[in-house]
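# Understanding the architecture of this molecule
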Amino acid sequence: DKHADYEDELRQLKSSRRPTIDATASDTHLLTFHQAPAPKDRSHSVVDVGRRPSLIQSRLSSLLGARRSISFAPGQADLQMALAREQHARREAETQLQAMNEEVIELTEKLFKEAGEMVAKEAREKDRLMQRVGELERREGEKRGRMERLEEAVRRIEKVRGLLGERGWENRSG
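Residues numbered from 1 in each chain as written. Predicted model: local features only at pLDDT ≥ 70, side-chain atom pairs only at ≥ 80, totals over all residues. Heavy atoms only, no water.

### Notes on the overall build of the protein chain
For the record, the criterion: Only DSSP runs of H or I reaching four residues or more are called helices, and only runs of E reaching two or more are called strands; each is numbered from the N terminus. A simple rule labels every residue: compare its accessible area, found with a 1.4 Å probe on the protein chains alone, to the largest value its type can have, and call it buried under 20%, exposed over 50%, or partly exposed in between. By the convention used here, residues are in contact when the closest approach between their heavy atoms is within 4.5 Å. Residue burial considers only the protein chains on display, and all accessible areas are found by Shrake-Rupley using a 1.4 Å probe.
Looking only at helices and strands, the protein chain features 3 helices and 4 strands. Ordering the α and β elements of the protein chain from the N terminus gives α-β-β-β-α-β-α. Classification of the 174 residues of the protein chain by burial places 13% in the buried group. Long-range pairs, those at least 24 residues apart, make up 59% of the contacts in the protein chain with a sequence separation of at least 6. When the accessible surface of the protein chain is split by element, carbon and sulfur atoms take 55% of a total near 14,400 Å².

### Quick notes on the pattern of salt bridges
We count it as follows: Any Lys or Arg side-chain nitrogen located within 4 Å of an Asp or Glu carboxyl oxygen qualifies as a salt bridge.
Enumeration over the complete set of coordinates arrives at 8 salt bridges. The salt bridge involving Glu142 is made with Arg138; its shortest N-O contact spans 2.5 Å. Of the two residues, Glu142 and Arg138 both sit in helix α3 (residues 77-173), 4 residues apart, roughly one turn of that helix. Three or more residues joined by partner-sharing salt bridges are found here, namely Glu135, Arg138, Arg139, Glu142 and Arg146.

### A look at a negative patch on the surface
Selection criterion: Candidates for patches are residues over 30% relative accessible area with no salt bridge; among them, like charges are joined within 9 Å and nonpolar side chains (Val, Leu, Ile, Met, Phe, Trp, Tyr) within 5 Å. Only four residue types enter the charge count: Lys and Arg as positive, Asp and Glu as negative, with His and the chain ends excluded. By convention, charge coordinates are those of NZ in Lys, CZ in Arg, CG in Asp, or CD in Glu.
Residues Glu102, Glu103, Glu106 and Glu109 make up a contiguous surface patch of negative charge. With respect to the helices, strands and loops of the structure, Glu103 is situated in helix α3. Exposure remark for Glu103: the relative accessible area of 47% places this residue in the partly exposed category.

Here it is in structure tokens:
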């Protein structure tokens, strides 16, 4: 919203004045506003910004990014204050962004650490359960072996009873 307000304000100023950037003042980055059209003398390499709004925007972006001092012609104090506010807001936003990025990194590290701990815990639990299953299978095998021996013993007893029973009948009948 502020950006749109500033663009509207710049459009109004452009309709009453013709902004130009003096490219020879690269170290001081002077932004000047003239009532008259751009000078006809091109020896100072003055660029008419009224016809090329992307140039002023990229130039202002580079000025804001470089954070160099900017001088304005008298009568442009409101623009200078607006620029200072925007620079301050940008610094605050960058600080907040950096803090958020650090928090995201911290939370990501914490998340991966917790995930690693969960995986390790699950692996330990799986090992414990596998040991328990192995123990139960071993016991089942021992019980099966005992059961088979008992069944074999019962068959032998029945066989002996059967043999004794037949002899007993033979002795009684004879």
